[in-house]
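Given next are the chains, with one letter for each unit.
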Amino acid sequence: MTHSQSVVVYGATGHTGRFVVAELQRRGFTAILSGRNAEALAQQVRQAATPLEARPASVDDPAALDRALAGAAAVINCAGPFATTAAPLVEAALRAGIPYLDVAAEIEANAATLAGFAAAETPVIPAMAFYGGLGDLLVTAALGDWTSADEVHVAYGLSSWHPTPGTRAAGQVSHERRAGRRVRFAGGALQYHDDAVTQQDWSFPEPLGRRPVVAEFSMADIVTVPSHLPVPEVRTYMTLEAARDLADQSTPAPAAVDDLGRSDQTFVVDVLVTSGGEQRRATARGQDIYAITAPLVVEALDRVLSGRVRASGVASAGAMFDAPDFLRSLEPYLTVTLPS
């Protein structure tokens, strides 16, 4: 489905923001560029192959945000740290009466959005991205007719992880907010702890196979999944190579290897849910965790604007959408395997 609606992309000059702008244009939307850096926005407009409009706005200027969102059908927030940008932009979207979506991977920022805007009637969808959104959709699809699960495991098989400057900045904010502690979801709640980092092996589907992973490498799934599913324990894991890349401050940012601007990074997201001794599995394979976020969030936008939703107000991807149908719609970008 194509649209002519205008959609504001806040953080349009960033690495993920540029992928989102391109995907919006590919699907027939009109992208309006916004963000804090007027000069960078102007440069992006000058370099664009098609005419674009820029509307600079700072998150600490509500009037400027209102002007940026005027006449738009929705806003997609790609600007981290989301601990700073999410709440002001959600509030501006609610004043404008338009849907808000973001691509936040920050655990605390997503938790704050889900809790802080529970009374919203306009759609508010945080973490509509590779971390948080994709895992939530896979978990929801894997559950199928189950109404609950005993445990959820989400394992990330990344071939490498070249983080963007935005990823590093958001990680630093999260580290400071936690005072260096780690976080898990167990016993039905987020728990902060100082336990040592541990490793184990995870048997990914072939051809990746058995790989060492960092256990309890907690990502946004520990917020999105339990926000709508009665699951007392959600664990996430990261391949050791990717975790080392992220920890190494000398690891460079992603470099494009194709005409779409994607890096050579490949990924497998492997989900295992257990209930009463039974197991179900769902997996997704693709290229470039930042690039795949664009079709994820734009597909979500399309479904919200066309009324193909299962919830109202603030909700994660798994609660808002028909998860199996959503995942299958991404098969030009993802190879998805769901329980039969």
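Structure first, text after, so check above.
The paragraphs below set out a description of the structure included in this document. (Residues numbered from 1 in each chain as written. Predicted model: local features only at pLDDT ≥ 70, side-chain atom pairs only at ≥ 80, totals over all residues. Heavy atoms only, no water.)

Overview of helix H4 (residues 82–96)
- Taking 1.5 Å per residue, 15 residues should reach 21 Å; H4 reaches 20 Å between its end C-alpha atoms and fits that length.
- Inspection of H4 places Phe82, Thr85, Ala86, Pro88, Leu89, Val90, Ala92 and Ala93 among the buried residues, and these make up the whole buried set.
- For H4, the elements touching its buried residues are strand E1 (6–10), helix H3 (62–69), strand E4 (74–77), strand E5 (100–102), helix H5 (107–116) and strand E6 (124–125). (Helix = DSSP H or I, 4+ residues; strand = E, 2+ residues; numbered from the N terminus. Expected span 1.5 Å × (residues − 1). Buried < 20%, exposed > 50% of the residue type's maximum accessible area, 1.4 Å probe, protein only. Contact = heavy atoms within 4.5 Å.)

Re the pattern of salt bridges
- Counted according to the given criterion, the structure contains 18 salt bridges.
- Its salt-bridge partner being Glu241, residue Arg211 comes within 3.7 Å of it at the nearest N-O pair. With Arg211 in strand E11 (residues 210–214) and Glu241 in helix H9 (residues 240–247), this residue pair connects regions lying 30 residues apart in the sequence.
- The shortest N-O distance in the salt bridge between Asp270 and Arg281 comes to 2.6 Å. Of this pair, Asp270 sits in strand E13 (residues 266–275) while Arg281 is found in strand E14 (residues 278–287), placing the two residues eleven residues apart along the sequence.
- Since its relative accessible area comes to 0%, Asp270 is described here as buried.
- What you see here is one network of salt bridges that share partners, running through Arg27, Glu299, Asp302, Arg303, Arg308 and Asp325. (Salt bridge = Lys/Arg side-chain N within 4 Å of Asp/Glu carboxyl O.)

Details of the nonpolar core
- Leu24, Met128, Phe130, Leu134, Leu138, Leu158 and Trp161 are the most contacted members of the largest nonpolar core, which totals 107 residues.
- Here the element with the most residues in this core is helix H10 (residues 289–305); it accounts for eleven residues.
- Beyond its immediate chain neighbours, meaning those up to four positions away, Leu138 contacts Val269, Val271, Ala282, Thr283, Ala284, Leu327, Val336 and Leu338. (Core = buried A, V, L, I, M, F, W, Y, C linked by side-chain atoms within 4.5 Å.)

Some details on H9
- Here H9 has its buried residues at Leu240, Ala242 and Ala243. Viewed along the axis of H9, the buried residues span an arc of 165°, placing them on a single side of the element.
- Summarising the contacts, the buried residues of H9 are in contact with strand E7 (151–158), strand E10 (199–203), E11 and strand E12 (234–239). (Arc of directions from axis to C-beta.)

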